[in-house]
Every structure is written in C-alpha cells, then in structure tokens.
Amino acid sequence: FLYRLQVALNRRIGELFGEPTGSLVSGLLLGSRKGMSEELTADLQITGLAHIVAISGYNITILVLFVGMAFGFLSRKCKVVCSILAIVLFVLLVGAGASVVRAAIMGGIGLLALFYGRQYFVSYALLLAAFVMALWNPFVFTFDSGFHFSFLATMGLIYLSPVLEGA
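Residues numbered from 1 in each chain as written. Predicted model: local features only at pLDDT ≥ 70, side-chain atom pairs only at ≥ 80, totals over all residues. Heavy atoms only, no water.

**Q** Explanation requested: the side chain of Ser-23 in the structure shown.
**A** One can find Ser-23 in helix H2 (residues 21-30). Classification of Ser-23 as buried rests on a relative accessible area of 4%. When near neighbours in sequence (up to four residues on either side) are disregarded, Ser-23 contacts Ser-32, Lys-34, Gly-35 and Met-36. (Helix = DSSP H or I, 4+ residues; strand = E, 2+ residues; numbered from the N terminus. Buried < 20%, exposed > 50% of the residue type's maximum accessible area, 1.4 Å probe, protein only. Contact = heavy atoms within 4.5 Å.)

The following block contains the structure:
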C-alpha cells in the first residue's frame, strides 16, 4: 500500500510541477530520485547540493509542522500522538533508510519531551538514536555509510554550528 502511495504521490507531483521541477520536489519531499534527469543530478552534485534530496530531519520537521497545522484544533498531546504516527508512516513510505530512521527517532524523542513537558537535549537524542539503531541492527555502525554520514552531519550541526556562527 505504501509503495503504491509513494508512486501515486510522485506521479501527482510530476503532474503538478512538470519536469525537471517535479523530480526535484519529489526528491525534496520523498527522497525519490526516480525520474530525476542525469543533467539535474549532475548539476546538484557539481553545486554541492545533492544532499538536499536525501531524507533527513528536514523532512521530519516539515511533516511535524504540517500535522500540527492540519490538526491545530486538537490538544497538544493529541497533535504529538498524530505526529508520531505520521513519522512512522513516513519512514515506512520512504523506505526506512538510516538517515530518516535516525531523524525519526530524534524527532520522536523531541515530541515525547513535548508530550511529557520535559526539556529536549539534542545531543542526548542523537546518542539515543544511535543506540536504538545499533540494538535493532548491530551492523549499522560498521557497514551503513548512510548512518555514518547522517550521524556525523548531525554532530556537525550540533557542535560546529554554534562555533561557526560565533566566528
């Protein structure tokens, strides 16, 4: 069902935006590179923007914001539960790659902190996400380059961004 939904969404996005914009929008929202021309792929690589079509925390954030707006009439706790369910479905929809699983776990931890009225510590969430992923699949640390890139990029955002902003 989710695969058919992904195909239908990609097709509809292509109809709405045309090419090459439709492929780029599908990449941004669903991480889909199907239908993306070789020229667009090369342009993204040359400009250093190929990472924007990788599913990550950006997509989880958009999803949570969308759910929050769509269900604005519900209580905060109901919106948190709806957001967590939407995250799980989204992860399955896009194929549950390491970067989206890491982002989903971190987003879920943030939502649970909101649900219980606790403070969210992003560095702890990153470590907990890595721990949970390693429990599920111990080989993620040694063989999954998607996990390595995602984990290190997130560490860079957490620890290097404040240093670079102050420079």
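**Q** So what exactly am I meant to see when it comes to the packing of helix H4 (residues 57-70) against helix H6 (residues 98-116) here?
**A** Relative placement of two packed helices is described by the angle separating their axes and the distance separating the axes. The contact between H4 and H6 brings their axes to 8 Å, and the two run at 40°. As far as their axial angle goes, H6 and H4 are oblique. Two packed elements cross with a definite hand, and for H4 against H6 that hand is right-handed. Mapping the contact onto sequence places Gly-57, Ile-60 and Val-64 in H4 and Val-100, Arg-102, Ala-103, Ala-104, Gly-107 and Leu-111 in H6. Per-class residue counts for the contact of H4 with H6 are six nonpolar, two polar and one charged. (Axes fitted to C-alpha atoms, helices over the stretch in contact; angles between N-to-C directions. Parallel < 35°, antiparallel > 145°, perpendicular 65-115°, else oblique. Left-handed = near helix turned anticlockwise from the far one by under 90°. Nonpolar A, V, L, I, M, F, W, Y, C, P; charged D, E, K, R; others polar.)

**Q** Explanation requested: the nonpolar core in the structure shown.
**A** Taken as a class, soluble globular proteins show a tendency for nonpolar side chains to be buried jointly. Of all hydrophobic cores here, the largest spans 18 residues; its most connected members are Ile-60, Leu-63, Ile-87, Phe-90 and Val-100. Per element, the largest residue contribution to this core is seven residues, and it comes from helix H5 (residues 76-94). Leaving out residues up to four positions away in the same chain, Ile-87 has contacts with Ile-60, Leu-63, Val-64, Ala-104 and Leu-111. Ranked by size, the runner-up nonpolar core spans 12 residues in total, among them Ala-129, Val-140, Phe-147 and Phe-151. (Core = buried A, V, L, I, M, F, W, Y, C linked by side-chain atoms within 4.5 Å.)

**Q** Explain the pattern of salt bridges here, please?
**A** Two side chains bearing opposite charge may form a pair once their charged atoms approach each other closely. Inspection of every chain in the model, using the stated rule, returns one salt bridge. Residue Glu-15 is joined to Arg-12 by a salt bridge in which the shortest nitrogen-to-oxygen separation is 3.2 Å. With Glu-15 and Arg-12 both in helix H1 (residues 2-17) and three residues apart, the pair spans about one turn of that helix. Among the residues examined, Arg-12 registers a relative accessible area of 46% and is labelled partly exposed. (Salt bridge = Lys/Arg side-chain N within 4 Å of Asp/Glu carboxyl O.)

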